[in-house]
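The lines below spell out each chain.
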Amino acid sequence: MKLYAHPFSSYSQKVLIALYENDVPFDYLNLEAATVKEELASLWPLKRFPVLVDQGRTLIESSTIIEYLQCAHPGPRCLVPAGEEGIEVHMLDRLFDNYVMTPMQKVVLDRMRPSGDHDGYGVAQARELLDKIYPWLDERLAGRTWAAGEAFTLADCAAAPSLFYADWAHEIPHSLTRLRAYRARLLAHPSIVRVVDEARPYRHYFPLGAPVRD
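As the structure is a prediction and not an experimental result, all values here were calculated from the model. (Residues numbered from 1 in each chain as written. Predicted model: local features only at pLDDT ≥ 70, side-chain atom pairs only at ≥ 80, totals over all residues. Heavy atoms only, no water.)

Colleague: Honestly, the pairing of strand β2 (residues 27-30) in this entry has me stumped. Any pointers?
Modeller: In this structure, strand β1 (residues 2-5) lies alongside β2, joined through 4 bridges in parallel fashion. Residue pairing in the sheet places Lys2 in a bridge with Asp27 of β2. Taken together, β1, helix α1 (residues 10-21) and β2 form a β-α-β motif whose crossover is right-handed. (Pairing = 2+ DSSP bridges. Helix = DSSP H or I, 4+ residues; strand = E, 2+ residues; numbered from the N terminus. Right-handed = clockwise from strand over helix to strand, strands pointing away.)

Colleague: Can you help me understand the environment of Ala159 in this one?
Modeller: Inspection of the secondary structure assignment puts Ala159 in helix α6 (residues 154-169). The spatial distance from the C-alpha of Ala159 to the C-alpha of Trp146 is 9.6 Å, given a sequence separation of 13 residues. If we ignore the near neighbours within four places in the chain, the residues touching Ala159 are Phe96, Phe164, Tyr182 and Leu186. (Contact = heavy atoms within 4.5 Å.)

Colleague: Which parts of the structure should I look at to understand the pattern of salt bridges?
Modeller: As a working rule, side chains carrying opposite charge can pair if their charged atoms are close by. One pass over the full model with this rule turns up 17 salt bridges. For the salt bridge of Arg144 with Glu88, the shortest nitrogen-to-oxygen distance reads 2.8 Å. You can see Arg144 sitting in the loop between α5 (120-140) and α6 and its partner Glu88 sitting in helix α4 (residues 83-111), a full 56 residues away along the chain. Between Glu128 and Lys132 there is a salt bridge, and its shortest N-O distance comes to 3.5 Å. On the criterion of helical spacing, the pair formed by Glu128 and Lys132 is a turn pair, its members being 4 residues apart in helix α5. On the accessibility criterion, Lys132 (56% relative accessible area) is exposed. Overlapping salt bridges, with partners in common, bring together Lys14, Asp93, Arg94 and Asp97 in one network. (Salt bridge = Lys/Arg side-chain N within 4 Å of Asp/Glu carboxyl O. Buried < 20%, exposed > 50% of the residue type's maximum accessible area, 1.4 Å probe, protein only.)

In structure tokens form, the structure reads like this:
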């Protein structure tokens, strides 16, 4: 099994967390290498990542990859529960991707635009969305250890890179103590510690300037 990914990529980290949670063996093809980038382009013309290749199948999109891993390479940690519990896990997974990760990336990518091409209105909208979702998450986390309850799931795989980078781009207010504590729990979780440490050499890629606090 091969994973085409980059250590500093938020969606790559999401899949890596799932792989590390269940100690699934795989070949990590780091996209820092030009040859790996060429291989990726031959597999997926959009050249987005991560991409998983296993048993002749090429899979894209982080949530789909994690669900595939549970079906094809199950481990002791069930990341996508069945039934009613699974519905909430799926909902929160999409929420973190769409309403935390996406606006965070809008803020970050705007900084990378050429001078004169910045989208101030779009960035303001992204920050406003984060200002709305942060309190909602803070309330949702009441009485919970992890995003969907007491079990670590796909939702937490999504939450970890989302909140990690979102707090860099648009800091979580100190008044939202549950959300800040949840982010701290995520960053202390072994599989997440591993992906964060693997990404440390690439922090200079963060265009807003990576803070030293993490």
